[in-house]
Amino acid sequence: MTSDFIAEVMALPFSRSRKDYRQAHHDIGYLSNELIENAVKFRQPGEILVEASIFDGRFFIRVKNTIDGGSAARFQQLLRHIQSKNAEELLLEQIEINAISMGSGSGLGLLTLLSDYDAKMAWAFEEHDDQHIILTTTAAVAMPPFSNQ
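Residues numbered from 1 in each chain as written. Predicted model: local features only at pLDDT ≥ 70, side-chain atom pairs only at ≥ 80, totals over all residues. Heavy atoms only, no water.

### A closer look at the environment of Leu-79
Thought 1: Positionally, Leu-79 belongs in helix α3 (residues 69-83).
Thought 2: Dropping the residues within four chain positions of it, Leu-79 is found in contact with Leu-110, Trp-123 and Phe-125. (Helix = DSSP H or I, 4+ residues; strand = E, 2+ residues; numbered from the N terminus. Contact = heavy atoms within 4.5 Å.)

### Topic: the nonpolar core
Thought 1: Of all hydrophobic cores here, the largest spans 35 residues; its most connected members are Ile-28, Leu-31, Leu-35, Phe-59 and Met-121.
Thought 2: Looking at this core, the elements that each hand over two or more residues are α1 (2-10), α2 (18-42), β2 (58-68), α3, α4 (87-101), α5 (108-116) and β4 (132-142).
Thought 3: The element that contributes the greatest number of residues to this core is α2, accounting for seven residues.
Thought 4: If sequence neighbours within four positions are ignored, Leu-31 has contacts with Phe-59, Ile-61, Leu-113, Ala-139 and Val-141. (Core = buried A, V, L, I, M, F, W, Y, C linked by side-chain atoms within 4.5 Å. Buried < 20%, exposed > 50% of the residue type's maximum accessible area, 1.4 Å probe, protein only.)

### Remarks on the sheet that holds strand β1 (residues 49-55)
Thought 1: Strand order in this open sheet of four strands is β1-β2-β4-β3, and the pairing throughout is antiparallel. Looking at the sheet topology across the chains shown, the edges are occupied by β1 and β3 (120-127). Between one strand and the next, the sheet's axes are offset by a mean angle of 15°, whatever the strand orientation.
Thought 2: Pairing of β1 with β2, which is carried by seven bridges, proceeds in the antiparallel orientation. Among the inter-strand pairings, Glu-51 is bridged to a residue of β2, identified as Arg-62.
Thought 3: Sitting on the sheet, α1 is in contact with β1 and β2, with an inclination near 20° to β1.
Thought 4: Strands in contact with α3 are β2, β3 and β4; relative to β2, the strand with the most contacts, it is inclined by about 135°. (Pairing = 2+ DSSP bridges. Axes fitted to C-alpha atoms, helices over the stretch in contact; angles between N-to-C directions.)

Distances and angles like these do not, on their own, reveal function.
Structural data, given as structure tokens:
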């Protein structure tokens, strides 16, 4: 519901064109849903902060939540792996692995954002205490140019 609300509000500037509105709504909704879903799935007790904006033709979202040290280490390892190859190749590899092993789809959403949506993403890991890390995920996707159709 949260990602749909964000998509509804943030896509409003594109409502002059049905096509642009639908594209913006879809892209914003998908990106927001993936980041919020991951924050909920891997979080430790505490709040999740979600910030969103549109600036200079891009939709930006920042999601901040607390995770445990083990989750932080596994995620950092996944990020190093993702940076080692092309996102499209990794997406195809992960789809094949999941088809063979009936896997959980680990990393598919992230790889889809990087490959199919050309999302620009950054992560910050900040030690909160001995057992908790504050993870900040920031992402941006290009929005359709405003049109008068």
